[in-house]
Structure formats: structure tokens, C-alpha cells
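# Examining the three-dimensional arrangement
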Amino acid sequence: MAAQPPTERADATRNRMKILHAAAAMIAERGAAELSLDEVAKAAKVGVATVYRKYRDRSQLIFALLDEQEREFQQAFINGPPPLGPGAPPGDRIHAFLHALVDRMETQLDLLLLAENTASGRLRSVPYAVHHTHLSILLAQLVPEADSAYLADALLAPLSATLVSYQLKERGLSIDDVRAGLDDLLRLMGCPLSH
């Protein structure tokens, strides 16, 4: 029988959450490029050594932030209320899922850009695999005769942080334009939208 990972002590959990909340607030205020572990420690009111013991560098802290938010997002589409969660028709769930991903882009674009440009990249990440599997299942229900895995990749491709950043900053699109473009793409695929 495999050993269970050690349970985090209550004070360690409190400190981890303080660090993550402080880092998220700093990023929301100034962007991810300005994130400093020393400043995060000060804002979280924990010792600098506490931050460095948990996160060796800025990238580890960024991935920890994304991981925490990804867990909440996955809970929403796996167990949450419809249309994002179970109980709605597949087309409505696909629409809600893609819009929820755009919402994450809007609030976490700096973090997602940093994560996407690491050595492992977006396509090899666990969140991408989970998102792809979820969309593939919904697409197979909606269009059983289609290659749902290919279509899932096609629907996720426009949601790369690099592309969304380019669309917002270089092309002058708004986040609403990105949502509308996804809706047009879904309509072109014949996906029924009730919105």
C-alpha cells in the first residue's frame, strides 16, 4: 500500500494561504513581472525564510497560485452548478466552459503567460490535459460522429495566453470581443447556443 503524503500542519496551511493571497493581491495590483518573494513575505506578514522554504523562486510561487485557482475551476466544472457544471446540455456546458476560461484569462493573463512560456509549456501541462478531456467528453456527446479530441484542441487553441495577449494588446480587441469570437466559432461548428 502506498504511503499517504504528509498532512500539512495547520500553521503551515495558514501561512501558505497568507502567502498565496498576498501574492495574488500584488499581481492584481502591479502584474506578475513585479512579484518579489521578499515583498510577498512582508505583505503576508510571515518571515522571508517561510516564503523561501515553501517556494524557492518566483516561478514556483506563480505555479502554486495557478494550481490553487485551477483546483477551484475544476471543482466548478466537475461538481458545480449548471451550465458550467453537470446538468445542462453539452452545448451549454461547452459555451459556459469556454467563457469561464476567458474569464480566467482576463484576471490571470500575466500568470498564464509566464506559465505558458516555461520549458514544459501549455500543451504538456496537467490543466490543459484536464480541460482537453472535459471538452472531448462534452463534444462526443454533442457530435458523436466527429473527432472530439481534435475539436477540443481546436477550441482550446484560441485560448492560449500568448494569442489572447496579442489580441488584447496588439489588435485592440476587448475581452468581450474574445468571448464573441468564441461564440462565432461555436456557431460555425453547429454548436447550439441558448445564450
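Description of the structure in this document. (Residues numbered from 1 in each chain as written. Predicted model: local features only at pLDDT ≥ 70, side-chain atom pairs only at ≥ 80, totals over all residues. Heavy atoms only, no water.)

Right, let's get into helix α9 (residues 175–188). With 14 residues, α9 extends 20 Å from end C-alpha to end C-alpha; this agrees with the ideal 20 Å at 1.5 Å per step. The complete set of buried residues in α9 reads I175, V178, R179, L182, D183 and L186. The buried side chains of α9 occupy one side of the element, clustering within an arc of 140° when seen end-on. Within α9, the exposed residues directed more than 90 degrees away from the buried face are D176 and L188. Where α9 is buried, its residues touch α5 (90–116), α7 (148–156) and α8 (161–169). After α9 finishes, the residue G190 shows a positive phi value of roughly 85°. (Helix = DSSP H or I, 4+ residues; strand = E, 2+ residues; numbered from the N terminus. Expected span 1.5 Å × (residues − 1). Buried < 20%, exposed > 50% of the residue type's maximum accessible area, 1.4 Å probe, protein only. Arc of directions from axis to C-beta. Contact = heavy atoms within 4.5 Å.)

Between P82 and the following residue, P83, the backbone shows a cis peptide bond with an omega angle of 10°. Positive phi, close to 60°, is recorded for K45, a residue that is not glycine. By secondary structure assignment, the location of K45 is in the loop between α2 (37–44) and α3 (48–54).

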